[in-house]
Structures are given as structure tokens and as C-alpha cells.
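Overview (structure and organization)
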Amino acid sequence: MAINVNGTNVTKVSIGETSLNKVYARIGESGAYVLVFSVGGIRVIYFAGNWKMNKIKSEIDSFFETFNTDLTLNGQKSVIIFPPACYLDYVKSKIAPNLSGMVSVGIQDISARKSGAYTGQISANMAKDCGCSVAMIGEAEVREYFGDTNAVCGEKLAMAMQSNLKAIYCVGENLSERDNGQTQSVIETQLSEALGDLYTYLNEGRIMIAYEPLWAIGTGKTATPQDLEEACEIIRLWIRNHVSDEAYGNSPVLAGGSVTPANIQQIIAMPDINGGLVGGASTYADRFAAMINEVQ
Ligand code: 13P
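Read on for a plain summary of the structure. Because the structure is predicted, anything quoted here is derived from the model rather than measured.

**A few points about the packing of aromatic side chains**
Both the distance between ring centres and the angle between the ring planes are used here to describe each pair of aromatic rings. Counting across every chain of the model gives seven aromatic pairs. Judged by centre distance (6.1 Å) and plane angle (85°), the ring pair of Phe-64 and Phe-67 falls under edge-to-face. You can see Phe-64 and its partner Phe-67 sitting in helix α1 (residues 57-70), three residues apart, about one turn around the helix. Residue class for Phe-64 comes out buried when judged on its relative accessible area of 2%. An angle of 80° between the planes, with centres 6.1 Å apart, marks the rings of Tyr-199 and Trp-238 as edge-to-face. Here the residue Tyr-199 occupies a position in helix α8 (residues 199-203), and Trp-238 occupies one in helix α9 (residues 225-242), the gap between them amounting to 39 residues. Taken together, Trp-51, Phe-63, Phe-64, Phe-67 and Phe-288 form an aromatic cluster joined through their ring pairs. Directly above the aromatic system of Tyr-90 lies the positively charged group of Lys-57, at a separation of 5.2 Å from the ring centroid. Between Arg-178 and the ring centre of Trp-215, over which it is positioned, the NZ or CZ distance is 3.8 Å.

**As for the site of the ligand**
Every residue lining the ligand is accounted for by Asn-50, Lys-52, Glu-139, Glu-212, Gly-257, Ser-258, Leu-277, Val-278, Gly-279 and Gly-280. In this structure, an oxygen atom belonging to the ligand sits 3.1 Å away from a side-chain N or O atom of Asn-50. One of the backbone nitrogen or oxygen atoms of Gly-279 is found 2.8 Å away from an oxygen atom of the ligand. Burial of the ligand by the protein amounts to 87% of the accessible area it has alone, namely 310 Å². The class makeup of the residues in the shell around the ligand is two nonpolar, five polar and three charged.

**A closer look at the packing of α1 against helix α12 (residues 285-294)**
To characterise two packed helices, one gives the angle between the axes of the helices and the distance between these axes. Remark: α1 packs on α12, axes separated minimally by 8 Å, with the N-to-C direction vectors making an angle of 20°. Judged on the interaxial angle alone, α12 and α1 are roughly parallel. Our pair here, α1 against α12, has a crossing hand that is right-handed. Residues Phe-63, Thr-66, Phe-67 and Asp-70 of α1 pack against Ala-285, Asp-286, Phe-288, Ala-289, Ile-292 and Asn-293 of α12. Split by residue class, the contact of α1 with α12 holds six nonpolar, two polar and two charged.

**Comments concerning the pattern of salt bridges**
Under the definition given, this model contains eight salt bridges. Across the pair Arg-236 and Asp-272 runs a salt bridge whose closest N-O atoms are separated by 3.0 Å. Here Asp-272 lies in the loop between α11 (264-268) and β12 (275-278) and Arg-236 lies in helix α9, a separation of 36 residues in the sequence. In this pair, the class of Arg-236 matches that of Asp-272, namely buried.

**As for helix α5 (residues 150-162)**
Because the α-helix completes a turn every 3.6 residues, residues three or four places apart line up on one side. In this model α5 runs 18 Å from its N-terminal to its C-terminal C-alpha over 13 residues, within 8% of the 18 Å that 1.5 Å per residue would give. For α5, the full list of buried residues reads Asn-150, Cys-153, Gly-154, Lys-156, Leu-157, Met-159, Ala-160 and Met-161. Directly after α5, the chain includes Asn-164, whose backbone phi takes a positive value near 60°.

About the thresholds
Residues numbered from 1 in each chain as written. Predicted model: local features only at pLDDT ≥ 70, side-chain atom pairs only at ≥ 80, totals over all residues. Heavy atoms only, no water. Phe/Tyr/Trp six-rings, centres within 6.5 Å; stacked < 30°, edge-to-face > 60°. Helix = DSSP H or I, 4+ residues; strand = E, 2+ residues; numbered from the N terminus. Buried < 20%, exposed > 50% of the residue type's maximum accessible area, 1.4 Å probe, protein only. Lys NZ or Arg CZ within 6 Å of the ring centre and 35° of its normal. Near = heavy atom within 4 Å. Polar contact = N/O pair within 3.5 Å; in protein donor to acceptor, adjacent residues only side chain to side chain. Areas by Shrake-Rupley, 256 points an atom, 1.4 Å probe, with all protein chains shown as cover. Nonpolar A, V, L, I, M, F, W, Y, C, P; charged D, E, K, R; others polar. Axes fitted to C-alpha atoms, helices over the stretch in contact; angles between N-to-C directions. Parallel < 35°, antiparallel > 145°, perpendicular 65-115°, else oblique. Left-handed = near helix turned anticlockwise from the far one by under 90°. Contact = heavy atoms within 4.5 Å. Salt bridge = Lys/Arg side-chain N within 4 Å of Asp/Glu carboxyl O. Expected span 1.5 Å × (residues − 1).

Structural data, given as C-alpha cells:
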């Protein structure tokens with residue numbers, strides 16, 4: 001039996017080893033790894049599917065015809081689908097009843113305002129009212145095209161918390177920042193400027209953090225599972241050092257950027273990664289279901 005500790009294959013594990021986070025056992029020479037031990041309280045693996053500005057009703061219908069039958073029910077996995085906001089209710093109604101405890105619906109962005117004369121905006125309360133469980137804040141494209149700053153992301157996160165939603169807060173560095181060795185400082189600034197007033201909610205595990213490697217999106221570069229792990233470790237250490245051990249144990253950290261059925265298992269095996277933020281592959285029902293089923 002092979003043992004994999006924190007993403008590395010080893011032959012021996014000592015009791016009392018302080019850096020143990022996740023231990024996997026592999027049955028046979030080439031079988032899938034099975035999680036046998038995990039530190040930190042998080043037992044659920046998260047799969048967030050960001051559909052972006054894709055799909056109309058007929059396409060949503062055919063997505064769920066496949067997804068509802070292909071997806072294997074598993075109480076240790078949580079799937080959140082983020083459709084365009086006008087289809088929140090519709091998507092929710094399409095989730096098969098037997099999967100409704102495992103699959104929920106999220107909104108791709110919310111307003112930083114509570115209500116009022118803000119044409120085109122959707123409030124956290126409205127998202128909640130449409131059956132949403134989670135609001136995504138600070139996704140790379142929202143930051144790039146709509147100019148959301150860390151401070152605005154903080155306001156939106158506060159709105160989500162007030163409306164009893166959970167949130168996924170997205171962070172990540174671009175290519176020039178990475179080339180200049182600023183990965184850690186960029187991520188830490190994104191965290192501290194948006195989350196400074198929200199530590200209580202991190203303690204409660206209501207805010208997940210997603211790392212998006214902007215430098216690997218549309219640049220021809222690839223983020224390896226190890227690259228994703230290094231950034232997610234920065235995030236988790238920031239949580240432990242600035243918030244609390246409780247938040248460190250309770251706050252899931254997701255990795256995004258070209259997550260596919262081919263690499264999901266390696267990514268999830270990393271010690272500081274609790275799930276995936278999936279774009280393109282989540283719009284294909286068969287690929288998304290296969291990816292979720294694949295993870296042991
Ligand atoms: P891809 O999975 O298509 O690379 O998209 C990632 C993303 O932008 C998630 O929000």
C-alpha cells in the first residue's frame with residue numbers, strides 16, 4: 001500500500017508528525033488514492049462551477065438531463081453552480097431532488113449596496129430570495145472589467161454575510177506581479193484589504209477563498225498543482241496568522257484555472273486545497289460530473 005502525505009508519496013508516516021494535513025492510501029500499484037486522514041476540520045470537498053455569461057434555458061435543460069444522471073451522490077462533496085443571475089431560480093428548479101443536499105446555486109457577483117437606485121444591480125438579499133446559498137466576490141473578470149477593488153470586494157462580502165449567504169472570495173496575481181516576485185504580497189493585500197472587518201465570518205467558515213492564477217489564464221502558461229498549492233498555502237497561513245486557528249481550520253480554500261477531469265485528483269490531493277473553482281469545464285455536464293465523481 002502506498003501512502004501519500006501532503007501530495008508527496010512516502011514509505012513511512014510517523015505518529016506526531018506536525019506537518020501532516022492529508023494522508024492518502026493507495027490500494028494496489030495504480031489504484032486511486034483514498035483520503036484516510038485530514039487535519040483542520042474541513043471534511044467536504046467543494047466544486048464551484050462558474051458558468052460566466054453562458055447558457056440559456058434550453059441549454060440549462062440539456063445540462064441537467066446529463067448532470068442529474070451522471071453525478072454520483074456523495075455527502076462529502078459540495079457542488080455550487082454559478083449560472084447567470086437571471087437563471088438562479090431556473091437552475092435551482094432543475095437540480096434533481098435526490099441531489100439537492102449536494103448541489104446548490106450561487107451568484108457570480110452582487111451589489112455592494114443593500115437596495116435602492118442602482119440600475120442593473122442585484123442585491124445579496126435578492127440572491128438569497130432566489131434560492132442562492134453562496135455569492136462569488138472578486139472573480140478575476142469582475143475585478144478586470146468592472147474595476148472592483150479590494151475595498152469594494154470587502155463591502156460586497158459584508159452584504160453577503162448580512163444576507164446570510166456564504167461567500168467565495170477570489171484572489172490571485174497577474175503575470176507581471178508573478179514575474180516581479182510579488183505573488184505573496186499581492187495575495188496578502190487582497191486578503192487584508194477585503195477581509196479586515198470580517199474575521200468573525202472566517203471563524204464561522206462562511207467565507208471560502210479561491211485562488212485564481214491570472215498569470216496562467218490566456219497566457220499560454222500552465223499552473224501546475226504545485227503552483228496552486230504554493231498560493232493556497234500562502235492564503236491558509238495568512239488566515240492562521242491574521243485571523244485565528246479556528247478560521248484556519250474552518251475556511252475552505254479552492255483553486256481555479258484550467259481545472260479538468262485530468263488534473264482534479266492531483267489538485268485536490270494538495271494539503272492546502274479543499275476544492276476547485278472551475279470555469280470552462282463546468283459548462284459541460286459530462287465533464288463536470290466526471291470531475292466531481294473522479295475525486296475520491
Ligand atoms: P477556467 O476553468 O475556464 O480556466 O476558468 C477559471 C475561472 O475563471 C473560474 O472563475
